[in-house]
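Structural description and commentary
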Amino acid sequence: MTDSQAAGTVPPFVSFEDVGLTYAAGTSSAVEALRNISFGVGQHRFVSILGPSGCGKSTLLRLLAGFLRPTAGRISVGGVDPEVARSTGMLGVVFQSPVLLPWLRVIDNVAFLLELKGVARTEREAIAMQFIDLVGLRGFERHMPYQLSGGMQQRVSIARALAFGPSVLLMDEPFGALDALTRDRMALELLDIWKRDQKTVLFVTHSVQEAVLLSDEVLVMSPRPGRISVVRPVALGRPRSKAQRHEREFVEHCKRLFDDLDADAALGV
Amino acid sequence: MANGTKPMRTLGGLAAFALPAASMLGLLLVWQVYTNAFEVNHFILPSPLRVLNAAFGFGLPLLGHVWTTTYQILVGFTVGNLLAVIIAYAIVQSPVAEKLIYPFLIVSQTVPKLAIAPLLVIWFGTGLTPKVIVIVLLCFFPTAINVVQGLRSTDPSAVDLVNLVTSSKRTLFFKVQFPSAVPYFFAGLKISMAAAVIGSIVAEWVSATSGLGYLILYGGQTMRTDLMFVAVLLTVVLGLVLYGLVAGAERLLSWKVAEIGGRAA
Ligand SMILES: Nc1ncnc2c1ncn2[C@@H]1O[C@H](COP(=O)(O)OP(=O)(O)OP(=O)(O)O)[C@@H](O)[C@H]1O
Ligand SMILES: [Mg+2]
C-alpha cells in the first residue's frame, strides 16, 4: 500500500472535478446543462442520482460514458479518461429508452454487444439466455422487439447491458416503464449481480424509495443549470430487502431526500 | 425475416387474392359484353377475346419483344440502383461529396428524360445503350433519396451502443447503419422498378426495332389497335411481375418499419 492510499487520498474510482457541460456552446441556442459538478464514487459502490426532470442526469451519464466531452473540468473513470475507459469495454449503459435494434430478435439484441466483441455464437447465445431468464423474458427470446411491450423492451435492454459484463454500469431510469412488482424484483436482482460481480453502479431514478433501497449513496441534483445540491449516504445495512421499506430508518432516509428535492424546487422558483 | 402482422387484418389469405382477381375478371367481362352489345368498332376498342386472338396470331415473336424490354429493364434497373447506392453512401459519408453530387441529382430530375432520348440516340446509336441510360436516369433517383434517408435514420443512441464495444466505422456501418437503411432501400426499389418499366417503353418510342414499346408504336402505325392492346397489356403484366419480384425479395430480406413511405421522384 502506498503512502497516499494509507493517507486516504486515493482518488475515487469515478471522479468529476468541477465539470460543466453546455450543449451547442458558443451558439445562440446554447443550453447550459451542468455546472460545477464535483463528486467521487468509490469502486464497487452503488450510487443513485435523483433530481427533477431536465436537471441533467442523462447528460451526466453521457459524459461518464464518454459520449459527450465536458466543456469544463475533468472526468476520470478508473484513473483514465471516459473514452479510454469505454474502449476497454468496462462500461455498460442502460439508456433511458430501450434502443433495441428492430431487425434483431430478442436473443440477438441481448447478445449484440458480445457479437461485436467477437464472442462465438453458441457462447454468446448461452450468456444471452441466462440474462433473458433473469429479466423474466424466457419464452420471448425469438420474438422481435415490436412484439414486446414497452416494459419488456426495457428489460431486454437491461439484459443486454448485463450480458456484456461491464465492471461499471450506468443506468438511466432502467425501471421507469415497469410495474411496481416487476420493478422491485428487478431491483433486487440487480443488487445480487452488483454484489456477486463487484460492479460499480451509477443509477438514475425518479423513485426516492428505489434510491434508498439500492444505494450506498444518493446524489441529489438541482436544475438549471444542473448542480449537485447534496450527497446523502444511505446508512442502512445489507443485504437489503423489500421488508425494510417500512422500517423507521428507511422511511427517515426517504423523508430527508424528499426534503432535499423540495428545497431545490423551492429555490428554483 | 419479420413479417409484421397487420394491425387490422380484415382479409383472409384466399380473399386477398380472390377479390382482386374477381374484380379484374369482372372488368374483362363488362368490356367483352360492352363491345358485343354495342357493336363497337374493333379499330376503336377491340374486345378482350379479339386481343387474345391477336396475341396468339402474333405467336412466338411476341416473346422476343417481351424479352427485349425485360432485358433493358433489368440492365437499367441494376445499373441505376448500383449507382444509387454508391451515390447515397458517398452523400452520407462525406459532406463534401454531398455538396458536389446534389446539383447533379437535382438536374437529373428536372431534365425531361423523353426530351433527351433523341439526343442519346445521336450520341450512342440505336442499340441498348441509350435505352439503358434513359432507364438509369429514371430509376436511380428514388432509390438514392430513400437510401440517404435510411442511412440517416440511424438512432444516435444505437451509435453510442456500438461505441461501447468498438469505434470501428466499418462495424457501425454493417451492424447498424446498413440494416437500418434496408427497409428504405426496398421502398426506393419498388418505386424505381415502376419507373424503369416506363423508362424502357419511352426509350423504345425514340428508336427501336423490337420491344413492347416498339410494338405499341408499330400497332399504331399499322392501324392494329388489337396489337397495341396486346403490347400494353403485356407491359402491365411485365410491370406487375417485376414489381412482385422486388416485393417478394423485400419480404424475404427486409425487416419492416412502421410508416415509412417511399418517396417518389
Ligand atoms: N442534445 C441536446 N442538445 C441540446 N440540449 C440538450 C440536449 N440533451 C439535453 N439537453 C438539455 O440539457 C438539459 C438536461 O437534459 P437531460 O436529458 O440530461 O435531463 P434529465 O435530467 O435526464 O431529464 P429526465 O429526467 O427528463 O430524463 C435539458 O435542459 C435539456 O433541454
Ligand atoms: Mg434523462
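Our subject is the structure that appears above.
Residues numbered from 1 in each chain as written. Chains lettered and ligands numbered in written order. Predicted model: local features only at pLDDT ≥ 70, side-chain atom pairs only at ≥ 80, totals over all residues. Heavy atoms only, no water.

**Examining the overall build of chain A**
Across its full length, chain A carries 10 helices and 9 strands. Expected size for 269 residues packed as a compact globule is a radius of gyration near 18 Å; at 19 Å, chain A falls within 12% of this value. The dimensions of chain A, computed from C-alpha atoms along their principal axes, are 50 × 50 × 45 Å. Counting only residues that meet the buried cut, chain A has 51% of its 269 residues in that class. A sequence separation of at least 24 residues applies to 66% of the contacts in chain A between residues at least 6 apart. (Helix = DSSP H or I, 4+ residues; strand = E, 2+ residues; numbered from the N terminus. Rg over C-alpha atoms; globule rule 2.2 N^0.38 Å. Buried < 20%, exposed > 50% of the residue type's maximum accessible area, 1.4 Å probe, protein only. Contact = heavy atoms within 4.5 Å.)

**A closer look at helix α4 (residues 95-110) of chain B**
All names here are of chain B. In a regular helix each residue adds 1.5 Å, so 16 residues correspond to 22 Å; α4 covers 23 Å between its end C-alpha atoms and thus fits that length. Largest kink in α4: about 35°, centred on I101, with the proline P103 one to four residues after it. Listed as buried for α4 are A97, L105 and S108. Where the residues of α4 are buried, they touch α3 (61-93), α5 (113-124) and α6 (128-152). (Expected span 1.5 Å × (residues − 1). Bend = angle between axes of the 7 residues up to and from the residue.)

**Some words on the interface of chain B and chain A**
In this complex, chain B contributes 20 residues to the contact, which on the side of chain A involves 19 residues. Carbon and sulfur atoms supply 75% of the area that chain B and chain A bury against each other, a total of about 1800 Å² over both sides. Three residues stand out in chain B for area buried against chain A, namely B:L161, B:L164 and B:V165, and they jointly supply 38% of the buried area on that side. Connecting chain B to chain A are 1 salt bridge. Close ionic contact of B:K175 with A:E115 constitutes a salt bridge, the shortest N to O distance being 2.5 Å. Our enumeration of links across chain B and chain A arrives at 2 residue pairs in polar contact (both at pLDDT 80 or more). When residues of the side of chain B that touches chain A are traced back to their parent elements, those giving at least two are α7 (156-163) and α8 (169-206) of chain B. Sorting elements by how many residues they give to the side of chain B that touches chain A places α7(B) first, with 6 residues. Tallied by class, residues from the side of chain B that touches chain A come to 10 nonpolar, 7 polar and 3 charged. (Buried area = accessible area lost by both parts, 1.4 Å probe. Salt bridge = Lys/Arg side-chain N within 4 Å of Asp/Glu carboxyl O. Polar contact = N/O pair within 3.5 Å; in protein donor to acceptor, adjacent residues only side chain to side chain. Nonpolar A, V, L, I, M, F, W, Y, C, P; charged D, E, K, R; others polar.)

**Digging into the packing of α3(B) against helix α9 (residues 212-221) of chain B**
Residues and elements named next belong to chain B. Between α3 and α9, whose axes approach to 7 Å, the crossing angle comes to 125°. Of the possible angle classes, the one that applies to α3 and α9 is oblique. Together, L62, H65, V66 and T69 of α3 and L212, G213, Y214 and L215 of α9 make up the contact between the two elements. Grouping the constituent residues of the contact of α3 with α9 by class yields 5 nonpolar, 3 polar and no charged. (Axes fitted to C-alpha atoms, helices over the stretch in contact; angles between N-to-C directions. Parallel < 35°, antiparallel > 145°, perpendicular 65-115°, else oblique.)

**Some thoughts on the packing of aromatic side chains**
Taken as a whole, this structure holds 16 aromatic pairs over all chains when the rule is applied. Relative to B:F174, the ring of B:F173 lies with its centre 5.2 Å away and its plane at 85°, an arrangement referred to as edge-to-face. Ring-pair connections join several aromatic residues into one group, and the members of that group are A:F46, A:F175, A:W194 and A:F203. (Phe/Tyr/Trp six-rings, centres within 6.5 Å; stacked < 30°, edge-to-face > 60°.)

**Digging into the side chain of A:E210**
Residues and elements named next belong to chain A. With respect to the element layout, E210 can be found in helix α9 (residues 208-214). On the accessibility criterion, E210 (7% relative accessible area) is buried. Sequence-distant contacts of E210, that is, excluding residues within four places in its chain, are made with F175, R183, F203 and T205.

**Here we look at the environment of A:Y23**
Residues and elements named next belong to chain A. Its location among the elements puts Y23 in strand β1 (residues 14-23). Ignoring anything within four residues of it in the chain, the contact list for Y23 reads S29, A30, V31, A33, T59, R62 and L68. Looking at Y23, its side chain comes within polar contact range of the side chain of R62, at 3.2 Å.

**Section: the coordination of the magnesium ion (ligand 2)**
Coordination of the magnesium ion (ligand 2) by the protein involves A:S58 (OG) and A:Q96 (OE1), with metal-donor separations of 1.9 to 2.2 Å. With A:S58 in helix α2 (residues 57-64) and A:Q96 in the loop between β5 (91-94) and α4 (106-110), the pair connects residues that are 38 residues apart, well separated along the chain. (Donors = N, O, S within 2.8 Å, 3.2 Å for Na, K, Ca; no water.)

**A word on helix α1 (residues 13-37) of chain B**
Residue and element names in this part refer to chain B. For α1, built from 25 residues, the straight-helix expectation of 36 Å at 1.5 Å per residue is met to within 8% by its first-to-last C-alpha distance of 36 Å. Inspection of α1 places W31, Q32 and T35 among the buried residues, and these make up the whole buried set. On its buried face, α1 is in contact with α2 (48-58) and α10 (225-253). Taken from the residues just after α1, E39 is the one with a positive phi, measuring 45°.

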